[in-house]
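Coordinate inspection notes
Listed below are the residues making up each chain.
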Amino acid sequence: MAVQEELRPLVDLAGPGPSAPATVAGLDVAYAEGGDLLAAAVTVLDARTLAVVDSAVGVGRPAFGYVPGLFAFRELPALLAALDRLTTTPDLLVCDGHGLAHPRRFGLACHLGVITGLPAIGVAKTPLVGVWDQPSAERGSWSSLRDGGEVVGRVLRTRDGVKPVFVSVGHRMSLENATAQVLALTPRYRLPETTRTADRLCRDALAEAEQARWLAGQSGHQEVGRRSRKP
DNA sequence: GCGACAG
DNA sequence: ATCTTGTCGC
């Protein structure tokens, strides 16, 4: 929590950010039942075609328990490790969670942005803080997300008649530009293509890891057939 | 004090 | 986040 207060001033809220990024990255994490295993994924898409041009995944252990508001500490290590494995540097990070729409104005998107130095925004499926009016039903309509008298994000409708998403600035991006980028990433579904591709990737990686762990448990890390042999 | 609470 | 049955629609 002190770390968030310390890094918060480093968030760059000046420029509008890239208006036409060439590549956009999606980041997401999947958890196993017991909560002792996770898979983090980053997918980089061509901003124009939305095709995946690079990606990285990694499995590991949660670095922290889940505590609303301290969420970043849980996923950050695994996500940073995945980012390091990319062969390209994306022009924008689209995080699965909030940016400024956070109790201390320093959500996961801000944290990732400050640490990597890259423009970042947060796109969350549910609110964490703030109040808002329901945006109208058409895709593209939005309303301000306000908390403590200040605008911390937008409630954006990405599909006609579908539950809106919560968009907030993370680092080096304006709220206006963040909104435009999210709309560009949602030509068909409620969630950005970046989030969807990263979600699929980490889920698959987690399933593989769980299967591997299960197989290891069956053989007890010994040669197959060894334990069925009589002493 | 009580409830709410990104993933 | 994850679990989980049926349901509605392209």
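Residues numbered from 1 in each chain as written. Chains lettered and ligands numbered in written order. Predicted model: local features only at pLDDT ≥ 70, side-chain atom pairs only at ≥ 80, totals over all residues. Heavy atoms only, no water.

As annotated in an unreviewed UniProt entry, chain A is Endonuclease V from Micromonospora saelicesensis. Of chain A, the UniProt comment under Cofactor (unreviewed entry) reads exactly: "Mg(2+)". The record held by UniProt for chain A lists under Function (unreviewed entry) the comment "DNA repair enzyme involved in the repair of deaminated bases. Selectively cleaves double-stranded DNA at the second phosphodiester bond 3' to a deoxyinosine leaving behind the intact lesion on the nicked DNA." (UniProt positions renumbered as here; feature names shortened; annotations may be inferred.)

Considering the overall build of chain A
Along the backbone of chain A there are five helices and eight strands. Expected size for 231 residues packed as a compact globule is a radius of gyration near 17 Å; at 19 Å, chain A falls within 12% of this value. Considering only C-alpha atoms, chain A reaches an extent of 75 × 40 × 35 Å along its principal axes. Expressed as a percentage of its 231 residues, the buried residues of chain A come to 49%. Residue pairs at least 24 apart in sequence account for 64% of intrachain contacts in chain A once pairs closer than 6 positions are excluded. Surface accessibility of chain A: about 11,400 Å² in total, with carbon and sulfur atoms responsible for 53%. (Helix = DSSP H or I, 4+ residues; strand = E, 2+ residues; numbered from the N terminus. Rg over C-alpha atoms; globule rule 2.2 N^0.38 Å. Buried < 20%, exposed > 50% of the residue type's maximum accessible area, 1.4 Å probe, protein only. Contact = heavy atoms within 4.5 Å. Areas by Shrake-Rupley, 256 points an atom, 1.4 Å probe, with all protein chains shown as cover.)

Examining the protein's contact with DNA strand C
Taken together, Ala30, Tyr31, Lys125 and Arg203 are the residues near DNA strand C. Near the protein, meaning within 4 Å, the atoms of DNA strand C are sugar or phosphate in a fraction of 100%, with bases accounting for the rest. Between DNA strand C and Lys125 there is a distance of 3.1 Å, counted from a phosphate oxygen to a side-chain nitrogen or oxygen. Tallied by class, the residues present in the surface near DNA strand C amount to two nonpolar, no polar and two charged. (Near = heavy atom within 4 Å. Polar contact = N/O pair within 3.5 Å; in protein donor to acceptor, adjacent residues only side chain to side chain. Nonpolar A, V, L, I, M, F, W, Y, C, P; charged D, E, K, R; others polar.)

As for the side chain of Asp96
With respect to the helices and strands, the residue Asp96 is situated in the loop between strand S4 (93-95) and helix H3 (108-116). Among the polar contacts listed, one links the side chain of Asp96 to the side chain of Lys125, at a separation of 2.9 Å. The contact partners of Asp96, leaving out residues within four places of it in the chain, are Leu27, Asp28, Phe71, Leu108, Val123, Lys125 and Thr195.

Digging into the UniProt feature "site: Interaction with target DNA" (unreviewed entry) in chain A
Here the UniProt feature "site: Interaction with target DNA" (unreviewed entry) sits at Tyr66. Along the polypeptide, Tyr66 turns up in the loop between strand S3 (52-60) and helix H2 (71-84). Judged by its relative accessible area of 55%, Tyr66 is exposed.

Remarks on the environment of Leu83
In this structure, Leu83 sits in helix H2. For the pair Leu83 and Val44, spaced 39 residues apart in sequence, the C-alpha separation works out to 10 Å.

Looking at the UniProt feature "binding site: Mg(2+)" (unreviewed entry) in chain A
Under the UniProt annotation, the feature "binding site: Mg(2+)" (unreviewed entry) is placed at Asp28 and Asp96. Despite a sequence span of 69 residues, these residues sit close together in the fold, their greatest C-alpha distance being 5.9 Å. By the element assignment, Asp28 lies in strand S1 (residues 23-31). For Asp28, the residues in contact, after removing those within four places along its chain, are Ala39, Ala40, Ala41, Leu79, Asp96, Ala198, Asp199 and Cys202.

Brief notes about the protein's contact with DNA strand B
Taken together, 18 residues sit near DNA strand B, with Tyr66, Phe71, His98, Lys125 and Thr126 positioned nearest. Near the protein, meaning within 4 Å, the atoms of DNA strand B are sugar or phosphate in a fraction of 47%, with bases accounting for the rest. Considering only residue class, the surface near DNA strand B consists of eight nonpolar, six polar and four charged.

Considering the pairing of strand S8 (residues 165-171)
Taken across its seven residues, S8 has seven buried, putting it largely inside the fold. With five bridges connecting them, strand S5 (residues 120-124) and S8 associate as antiparallel partners. When the sheet's bridge partners are listed, Ala124 is paired in S8 with Phe166. Pairing of strand S7 (residues 150-156) with S8 involves three bridges; the strand directions are antiparallel. When the bridges of S8 are listed, Leu156 appears paired with Val165. (Pairing = 2+ DSSP bridges.)

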